[in-house]
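Chains, contacts and geometry: an overview
Read off the chains here:
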Amino acid sequence: MIKYIAFGTSVLLMLGGCAGQEQPAPIVAVPPKPVIQTVEKPKVVVTHAPLKKGEVPPLPEREKDIDLDSAVDGALNG
């Protein structure tokens, strides 16, 4: 049983190309890259005007609904 498992594994490796691959080329020494010094950027602080007690900020304007049926009828009529 074990020899069939070993045989099947070796066949799968050979068919997959893992057993017959060439050895990788030797690693050539690469000169080290120069060290880059990073400059820390100052953080931007966003401050909002303080609200007075009991004051409510204004609401954004509502979007106006467009009647598409009348716009299409107007475009078709001329």
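Residues numbered from 1 in each chain as written. Predicted model: local features only at pLDDT ≥ 70, side-chain atom pairs only at ≥ 80, totals over all residues. Heavy atoms only, no water.

Here the focus is the overall build of the chain. Helix and strand content of the chain: two helices and zero strands. Going through the 78 residues of the chain one by one, you find that 0% of them count as buried. Put simply, the chain shows about 9200 Å² of open surface, and 64% of that area lies on carbon and sulfur atoms. (Helix = DSSP H or I, 4+ residues; strand = E, 2+ residues; numbered from the N terminus. Buried < 20%, exposed > 50% of the residue type's maximum accessible area, 1.4 Å probe, protein only. Areas by Shrake-Rupley, 256 points an atom, 1.4 Å probe, with all protein chains shown as cover.)

This brings us to the packing of aromatic side chains. Tallying each qualifying case throughout the model produces zero aromatic pairs. Positioned over the ring face of Tyr 4 is Lys 3, at 5.8 Å from the centre of the ring. (Phe/Tyr/Trp six-rings, centres within 6.5 Å; stacked < 30°, edge-to-face > 60°. Lys NZ or Arg CZ within 6 Å of the ring centre and 35° of its normal.)

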